[in-house]
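So the chains spell out like this:
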Amino acid sequence: MDRAEAHGTAVPPPSERLVLRGREVGRTGRAVRPVVMAVLNRTTDSFYAPARVPDDAAALAAAERAWADGAEILDVGGVRAGNGAPVDEAEEIRRVVPFVAAVRRAVPDLLVSVDTWRAGVARAAIDAGADLINDTWAGHDPALVEVAGAAGVGVVCSHTGGAVPRTDPYRVEYPGPDGLVADVVATLRAAAERAVACGVPRESVLVDPTHDFGKNTWQSLQLLRRTEALAGLGFPLLMALSRKDFVGETLDLPPEERLEGTLAATAVAAWLGARVFRAHDVAATRRVLDLVAALRDEAPPAAALRGLA
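I will try to describe carefully the structure that is included in this document. (Residues numbered from 1 in each chain as written. Predicted model: local features only at pLDDT ≥ 70, side-chain atom pairs only at ≥ 80, totals over all residues. Heavy atoms only, no water.)

## Side note on the sheet that holds strand 6 (residues 73-77)
With respect to topology, eight strands assemble into an open sheet ordered 10-9-8-7-6-5-12-11, the strand pairing being parallel. Edge positions in the sheet fall to strand 10 (205-208) and strand 11 (238-240), since each has one partner strand and no second. With direction set aside, neighbouring strand axes in the sheet form an average angle of 25 degrees. Here four bridges tie strand 5 (residues 35-41) to strand 12 (residues 276-279), and the two strands are oriented parallel to one another. Residue V35 lies in a different strand from strand 12, and its bridge partner there is V276. Strands in contact with helix 6 (residues 179-197) are strand 9 (154-158) and strand 10; relative to strand 9, the strand with the most contacts, it is inclined by about 155 degrees. (Pairing = 2+ DSSP bridges. Helix = DSSP H or I, 4+ residues; strand = E, 2+ residues; numbered from the N terminus. Axes fitted to C-alpha atoms, helices over the stretch in contact; angles between N-to-C directions. Contact = heavy atoms within 4.5 Å.)

Written as structure tokens, this is what we have:
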């Protein structure tokens, strides 16, 4: 009898465990908690202003704060995801790579992810100590996963519906009543298996349905409802929900006012089995995930004294 049966509840199964550089991320003793991946953008134009940290000293302080607040992974980006000023490879490396090395020295236990679609940036970041490459543009540069595999680091496989880097969706359609989910599942499964074939350890391959990328708000909401199907792909499931447009459009709120909506989406996805959460608000996300972990009976309450003392 498993724990769900013992407690008389139908707890959705979790996605697979995440291991980076030989470390099972999220495990403390027998407890397993969902993982927070903190967002830190080395840009001046990312959509959420507080995540823009181009200054070196401020960025390092933000990394230390993310670790103190409960993040186990720091996701560093050097280029705005959407439309914006051009950033060539050399400039992206300048923004990201020295900072990766600085975080490695200052917060050695904090795993570092680099958000890039360029194989050259990935190679330089890995040389500086990156543990994970977050390819948010679905293999646009097919050499990127080969770079990750050769180094034995983790990689995020994403879904964009064919969109190319730094473009916004326009009237995206997926055929059939469940065409979106079928397309996401097939794309992520194929990309993840290619990553394994390229040498990335299976437990270090994350899959990300990539809400808002190549999707409208209705489609992103549908993917959130179907988290359980994505968690069953056989790989750790990453959800990047934080303050995204589908949250804002659902509630008619700007990025600065999307925290509650983000946390609601986070709780739903965590209950349905997602493993890793990319987040701007680390402390709040950590608390939500800890409560969901306790509800799922995967981690104990921090202090259970009521009625006992």
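## What to know about the state of the cysteines
According to the stated counting rule, one finds zero disulfides in the structure shown. C157 takes part in no disulfide bond, and the closest cysteine sulfur, belonging to C198, lies 9.6 Å away. (Disulfide = S-S within 2.5 Å.)

## Details of helix 11 (residues 282-295)
Relative to the 20 Å expected for 14 residues at 1.5 Å per residue, helix 11 spans 20 Å between its end C-alpha atoms, a close match to the ideal helical length. Inspection of helix 11 places V282, T285, R286, V288, L289, V292 and A293 among the buried residues, and these make up the whole buried set. Looking straight down helix 11, one finds its buried side chains confined to an arc of 165 degrees; they lie on one side. In helix 11, the exposed positions angled more than 90 degrees off the buried face are occupied by R287 and L295. (Expected span 1.5 Å × (residues − 1). Buried < 20%, exposed > 50% of the residue type's maximum accessible area, 1.4 Å probe, protein only. Arc of directions from axis to C-beta.)

## Focus on the nonpolar core
If you look at the biggest cluster of nonpolar residues, it comprises 69 residues, and the most contacted ones within it are L74 and V155. Top element by residues in this core is helix 6. It accounts for seven residues. Within the second largest apolar cluster, 12 residues are counted, among which are V25, M37, I73 and L132. (Core = buried A, V, L, I, M, F, W, Y, C linked by side-chain atoms within 4.5 Å.)

Treat this as a map of the structure, not an account of what it does.
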